[in-house]
Amino acid sequence: RIAQSGAMATTATLPSGATVDLPSLPAPRPQRKWQPRLVWVSLHAGGIGLLLLSGGWPSQTSIAAVYSAVITLTALLYAAASFRDPGYAETAAKTAARLASPSDDFQEALLDQAYCVHCHAELRARTKHCHDCCRCVRRMDHHCWWLGNCVGERTHCIFVSYLFLQTALLVATGVFASLAVGAAERRGG
C-alpha cells in the first residue's frame, strides 16, 4: 500500500506489514506548453500569409476549397492531439480510493503491482514516465515538443493522422509557392 504525505513524500507498506519510506521527489517543474503552440500557429500563419501575399493561393475554386479544408483539418487534428489526455496512468492515491474495499485476493494483486518512482502511478505494460509532463503515460510513444503533449494510448491515431495532413499541407504549400515564383518570373522577364 502506498500513502502520500506532504508534497511528494511517500511511504509504502509491504505485504509483511513493514513500512518503507520512499525518497522525496522534487516538485514538478512548471510546464510551458503554450510556447510550442505559439510557434506552430506563428509558422502556419506566416506561411499561409506569405502564400496569400505572393499570389500563390490557388485560383481554381475547387483546389482552393480542398486546400482550405486541409488547413482546417490540420489545425483541428493539431488541437486534438495537443490538448487531449494522452492516456495518463492512475496515481496510487486514485487507485487506492477507487478500490476502497477490495477482496483479500484482489488486495494481494494490487500490492504486487509496480509503481513509478517519479509520480507513483501504476506501471502496467508499456507505461512510461514522461519527464516533460511529470506523469506516466499508457502506451507512450514519445513526448512531442511541437504538440506540448505526449503521444500515447489516446492520442496515437490522432497524431498519425495529423502527421499525414501536415505533410500534405507542406507539400501543397510548396507546390503553390513554386508555381507563384514561376509565374512571377514569367511576368518579370
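Residues numbered from 1 in each chain as written. Predicted model: local features only at pLDDT ≥ 70, side-chain atom pairs only at ≥ 80, totals over all residues. Heavy atoms only, no water.

## Structural notes on the overall build of the chain
Logical step 1: When you go through the chain residue by residue, the secondary structure sums to five helices and seven strands.
Logical step 2: For the chain, the succession of helices and strands along the chain, N to C, is β-β-β-α-α-α-α-β-β-β-β-α.
Logical step 3: Counting every position in the chain, which comprises 189 residues, the buried fraction comes to 31%.
Logical step 4: For the chain, contacts bridging at least 24 residues in sequence account for 55% of all contacts bridging at least 6.
Logical step 5: When the accessible surface of the chain is split by element, carbon and sulfur atoms take 63% of a total near 11700 Å². (Helix = DSSP H or I, 4+ residues; strand = E, 2+ residues; numbered from the N terminus. Buried < 20%, exposed > 50% of the residue type's maximum accessible area, 1.4 Å probe, protein only. Contact = heavy atoms within 4.5 Å. Areas by Shrake-Rupley, 256 points an atom, 1.4 Å probe, with all protein chains shown as cover.)

## Focus on the layout of surface pockets
Logical step 1: Counted as a void, the second largest pocket has a volume near 250 Å³.
Logical step 2: If you trace the second largest pocket, you find 15 residues lining it, with W40, L43, H44, Q166 and L170 closest to the centre.
Logical step 3: Residue assignment for the lining of the second largest pocket shows that the elements contributing at least two residues are α1 (34–53) and α5 (156–188).
Logical step 4: Top element by residues in the lining of the second largest pocket is α5. It accounts for seven residues.
Logical step 5: Here the residues of the lining of the second largest pocket are counted per class, giving 11 nonpolar, four polar and no charged. (1 Å grid on protein atoms, 1.4 Å probe; cavity = no way out; pocket = protein on both sides within 12 Å on 5 of 7 lines; lining within 4 Å. Points joined across faces, edges and corners; volume = space filled by probe spheres on them. Nonpolar A, V, L, I, M, F, W, Y, C, P; charged D, E, K, R; others polar.)

## Some thoughts on the confidence of the model for the chain
It should be kept in mind that the predicted coordinates are not to be read in detail where pLDDT is low.
Logical step 1: Of the residues in the chain, 74% have a pLDDT of 70 or more, and the chain-wide mean is 81.
Logical step 2: By mean pLDDT, strand β1 (residues 2–5) is the weakest element of the chain at 47, and helix α2 (residues 61–83) is the strongest at 95.
Logical step 3: Within the model, pLDDT remains below 50 along residues 1–7, and this stretch shows 18 contacts once partners closer than five positions in the same chain are excluded. (pLDDT = per-residue confidence, 0-100.)

## Notes on the nonpolar core
Logical step 1: Core analysis: the largest hydrophobic core is formed by nine residues, namely W40, Y78, A81, C144, L147, V151, I158, F159 and Y162.
Logical step 2: Elements with a minimum of two residues in this core: α2 and α5.
Logical step 3: At three residues, α5 tops the list of elements feeding residues into this core.
Logical step 4: Setting aside residues up to four positions removed in sequence, Y162 forms contacts with W40, T74, L77 and Y78.
Logical step 5: Counting eight residues, the second largest nonpolar core, distinct from the first, contains I48, Y67, I71 and F176. (Core = buried A, V, L, I, M, F, W, Y, C linked by side-chain atoms within 4.5 Å.)

## Overview of the pattern of salt bridges
Logical step 1: By the definition in use, this model includes three salt bridges.
Logical step 2: Among the ionic pairs, R154 bridges to D85, the shortest N-O distance being 3.5 Å. One end of the pair, R154, is in the loop between β7 (149–151) and α5; the other, D85, is in the loop between α2 and α3 (92–98), and 69 residues separate them in sequence.
Logical step 3: A residue is classified by how much of its surface remains accessible, and R154, at 34% relative accessible area, is partly exposed.
Logical step 4: With a relative accessible area of 31%, D85 lands in the partly exposed category.
Logical step 5: For R124, the salt bridge identified is with E122, shortest N-O distance 3.2 Å. (Salt bridge = Lys/Arg side-chain N within 4 Å of Asp/Glu carboxyl O.)

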